[in-house]
Amino acid sequence: MEDNQKIKNEDDRLFLARKNNLDKIVDSGLDPYPKSFPRTHMSIESVNALEEFEKGSLEESNLEGVSVAGRVIGIRGQGKMIFIDVKDREGVIQVAAKSDLLLDKFELVKLIDIGDIVGFFGKIFRTRRGEPSIEASGLTMLSKAMRPLPDKWSGLKDVEKRYRQRYLDLISSEDSFNTAIKRAQIISFIRNFMNDKGYIEVETPVLVDIPAGANARPFSTKHNSLDKDLYLRIATELNLKKLIVGGLEKVYELGRVFRNEGIDHNHNPEFTTIESYEAYVDYNAIMELVEQLVSGAAFEVNESFDIDYGGEIGVINLKPPWKRLDLRQAIKDFSGIDFISIKDESELSNEMKKLGIHVEPNSSWATMIDKVISDKVEPNLIQPTFLTDYPVEMSPLAKRKDRDSDIVERFEAFVMGSELANAFTELNDPIDQRNRFEEQESLRKKFNDDELDRLEEDFLIAVEHGMPPTGGLGLGIDRLVMLITKKITIRDVVLFPQLKSLE
């Protein structure tokens, strides 16, 4: 309690000191929060212009009359010469503020605090120590910061605070800032990649009547005017496949989905996916699509297909082709369980317990097999790997390998022991699809499992009008960013993750 009071007192003292500087700026007749600033150069552009001049390819006049703006992250010197480090989106540029050049404006320099956003006018030059700099002939206070930034050297060490106050994390951590930029680059690459392949980007409803298309617990809400319950979508799958029925043939949606589930290093209740559907192809074509998309995104950001994690993991190589493992064989190899010969839930439960795998009471057969995969198979899939051909009980929306087969054409992509993508040859037999949805509904009631998929009548009616053979994909954007930027928690790649409420 005493330490908290000291921190509060120190915060109050710093706030008052900055308020005093703010009052002096206002008293001088200046607006500390003007509407705009005519910036001509980013920090990197200033450095590049100086280097071009030194090579002889730019006139000296191009170094004059420039203006830069950004957040002050460092102040050095005193007396008649003060150096100020200004950070913008592209980097940091040093500003040299001299009393004989700034004259009465030099008094304003003395009122600058670290964290302020300031604009400077002047000339680009190189100091005697070789530092590219702006020799200031004028300046404008653009935003007076009333609270101090985290310490420059120690950064924002409170992990919880990093996520709650992401703006401070972005200001103080170059790694966090670069991760945010790389995420944007990855998403931009994905859009260009899909568009170049002839896919059409579409948007489907976030509020839905029936939360179908995946095994997940939904968030619910109420629409007052319509007087009905609605849900946040748990997937975009069914609406996208309706568009395939409508003849768009190649569609994708990049957006948020919502699942009322726990939070851990791989899961956030709202997350970003890309789902895509292409008519007249099967899951083999989608495997190639995933290889190209993931490896291409990595190369776009890192200029390499290799990601060096160091230590025991070493280098992850994303260059196609990726390893492909039959799911049945992989489960047998890593656990000894053969899901073809063990169809009884009690027998499967006993075999799992012998292996030390926890079995939740009242679990369905499909749920237990999924648990075996996550406990015994996934941790071994470090290099990019496709697990292929799943039991029909786990895949109500996937097409059977043969008409009478209990195995469907489904794959999941894994890297670093974590699922990255899930895809099928889509089921387009309306009779089989209705039967499977009805089976899911009965299992949901039998096992009281509100995560099992739900029947949506409008989707079934759409398929009954005729859906062409289709290959579908769902890929997690957050996990892809984690992989490419070498982050071990989803909270590092989501700018505003869900957190527990403060006491």
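Every chain is numbered on its own, with residues counted from 1 as its sequence reads. The predicted nature of this model means local features are confined to residues of pLDDT at least 70 and side-chain atom pairs, given and counted, to a pLDDT of 80 or more, with totals for whole chains, interfaces and linings taken over all residues. To get the side-chain values, all heavy atoms of the structure are used, and hydrogens and water are removed first.

Observations regarding the environment of Ile-286
The test is simple: Helix and strand assignments come from DSSP, with helices taken as H or I runs of at least 4 residues and strands as E runs of at least 2, each series counted from the N terminus. For each residue, the accessible area found with a 1.4 Å probe, counting protein chains only, is set against the maximum for its type, and the residue is called buried under 20%, exposed over 50%, and partly exposed in between. Residue contacts are defined here by distance: any two heavy atoms, one from each residue, within 4.5 Å place the two residues in contact.
Among the secondary structure elements, Ile-286 is positioned in helix α9 (residues 283-302). For Ile-286, a relative accessible area of 1% gives the class buried. Counting along the chain gives 184 residues from Ile-286 to Thr-470, while the straight-line C-alpha distance between them is 9.8 Å. Ignoring any residue separated from it by four or fewer positions in sequence, one finds Ile-286 in contact with Val-281, Phe-411, Ala-423, Gly-471, Gly-472 and Leu-473.

Details of the packing of aromatic side chains
The following threshold applies: Two rings from Phe, Tyr or Trp (for Trp, the six-membered ring) form a pair when their centres sit within 6.5 Å of each other. Planes less than 30 degrees apart are called stacked, planes more than 60 degrees apart edge-to-face, and all others tilted.
Across all of its chains, the model carries 8 aromatic pairs by this definition. Arranged with centres 5.1 Å apart and planes meeting at 50°, the rings of Phe-37 and Phe-121 form a pair that is tilted. With Phe-37 in the loop between α1 (2-27) and α2 (43-55) and Phe-121 in strand β4 (residues 117-126), the pair connects residues that are 84 residues apart, well separated along the chain. Phe-37 sits in the buried class, given a relative accessible area of 17%. Taken together, a centroid distance of 5.2 Å and an interplanar angle of 25° make the contact between Trp-322 and Phe-386 stacked. Linking Trp-322 in the loop between β13 (315-317) and β14 (323-326) with Phe-386 in strand β15 (residues 385-391), this pair joins segments that are 64 residues apart in sequence. Phe-386 carries the same exposure label as Trp-322, and that label is buried. Counting every residue linked through ring pairs, the aromatic cluster contains Tyr-283, Trp-322, Phe-386 and Phe-411.

Some words on the side chain of Ser-67
Cut-off, in case you're wondering: We define a polar contact as two N or O atoms separated by no more than 3.5 Å, with the added condition that, inside protein, one atom must be a possible hydrogen donor and the other a possible acceptor, whereas residues neighbouring each other in sequence contribute only through side-chain atom pairs.
Counting through the fold element by element, Ser-67 comes out in strand β1 (residues 66-78). We classify Ser-67 as buried; its relative accessible area is 2%. A polar side-chain atom of Ser-67 sits 2.5 Å from the main-chain carbonyl oxygen of Pro-38. Setting aside its immediate chain neighbours within four residues, Ser-67 contacts Phe-37, Pro-38, Arg-39, Thr-40, His-41, Phe-120 and Phe-121.

Observations regarding the packing of α9 against helix α15 (residues 477-485)
Convention followed: As a rule, the C-alpha atoms of each element are fitted with a line to give its axis, helices using only the stretch in contact, and angles between N-to-C directions run from 0 to 180 degrees. Any angle that is under 35 degrees is reported as roughly parallel, and any over 145 degrees as roughly antiparallel; angles of 65 to 115 degrees are reported as roughly perpendicular and all others as oblique. Two helices cross in a left-handed way if the nearer one is turned anticlockwise from the farther one by less than a right angle. They cross in a right-handed way if the turn is clockwise. Here the nonpolar group is Ala, Val, Leu, Ile, Met, Phe, Trp, Tyr, Cys and Pro; Asp, Glu, Lys and Arg are the charged ones; every other residue, Gly included, is treated as polar.
Close contact between α9 and α15 brings their axes to 10 Å; oriented N to C, the two are set at 50°. As far as their axial angle goes, α15 and α9 are oblique. Every pair of crossing elements has a handedness; the one defined by α9 and α15 is right-handed. Contact residues: α9 offers Leu-293, Val-294, Ala-297, Ala-298, Val-301 and Asn-302, while α15 offers Leu-480, Leu-483 and Ile-484. Looking at the contact of α9 with α15 residue by residue, the classes come out as 8 nonpolar, 1 polar and no charged.

Overview of the pairing of strand β3 (residues 91-98)
Selection rule: The criterion for strand pairing is that DSSP finds at least two bridges linking the strands in question.
Buried residues dominate β3, accounting for 6 of its 8 residues. Here strand β2 (residues 81-88) runs beside β3; their pairing, made up of 8 bridges, is antiparallel. Directly across from Met-81, in β3, lies its bridge partner Lys-98. In the sheet, β3 pairs with strand β5 (residues 132-143) via 3 bridges, with the strands oriented parallel.

A look at helix α14 (residues 457-464)
Note the cut-off: Each direction from the helix axis to a C-beta atom contributes to the arc, which is the arc of those directions.
Turning to α14, its buried residues number three or more, namely Phe-459, Leu-460, Ala-462 and Val-463. The arc that holds the buried residues of α14, viewed along the axis, is 155°, so those residues lie on one side. Close packing links the buried residues of α14 with α8 (237-245) and α13 (430-446). Taken from the residues just after α14, Gly-466 is the one with a positive phi, measuring 105°.

A word on the nonpolar core
Side chains of a nonpolar character, in soluble globular proteins, are inclined to be buried together. Worth spelling out the cut-off: Each nonpolar core is a collection of buried residues, namely Ala, Val, Leu, Ile, Met, Phe, Trp, Tyr and Cys, held together in the definition by side-chain atoms within 4.5 Å.
Ranked by internal contacts, the top residues of the largest apolar core, which has 43 residues, are Ile-190, Met-194, Val-290, Val-294, Leu-318, Leu-475 and Leu-480. Of all the elements in the fold, those that place two or more residues in this core are α7 (174-196), β10 (250-258), α9, β16 (407-415), β17 (418-425), β18 (470-476) and α15. When residues of this core are assigned to their parent elements, the largest contribution, 10 residues, is made by α9.

Some words on the side chain of Thr-485
Here Thr-485 is to be found in helix α15. Separated by 2.6 Å, the side chain of Thr-485 and the backbone oxygen of Val-481 make a polar contact. Apart from the residues within four sequence positions on either side, Thr-485 is in contact with Thr-179, Lys-182 and Val-493.

Some remarks on the sheet that holds strand β11 (residues 270-279)
Overall, mixed pairing links the 8 strands, which are arranged β6-β10-β11-β18-β17-β16-β15-β14 in an open sheet. Only two strands of the sheet have a single neighbouring strand rather than two, namely β6 (200-201) and β14. Relative to β18, β11 runs antiparallel, the two being bridged by 7 bridges. Paired with Ser-276 across the strands is Leu-473, a residue of β18. Running at roughly 25° to β11, α8 makes contact with β10, β11, β17 and β18 of the sheet.

The analysis is restricted to geometry; functional conclusions fall outside its scope.
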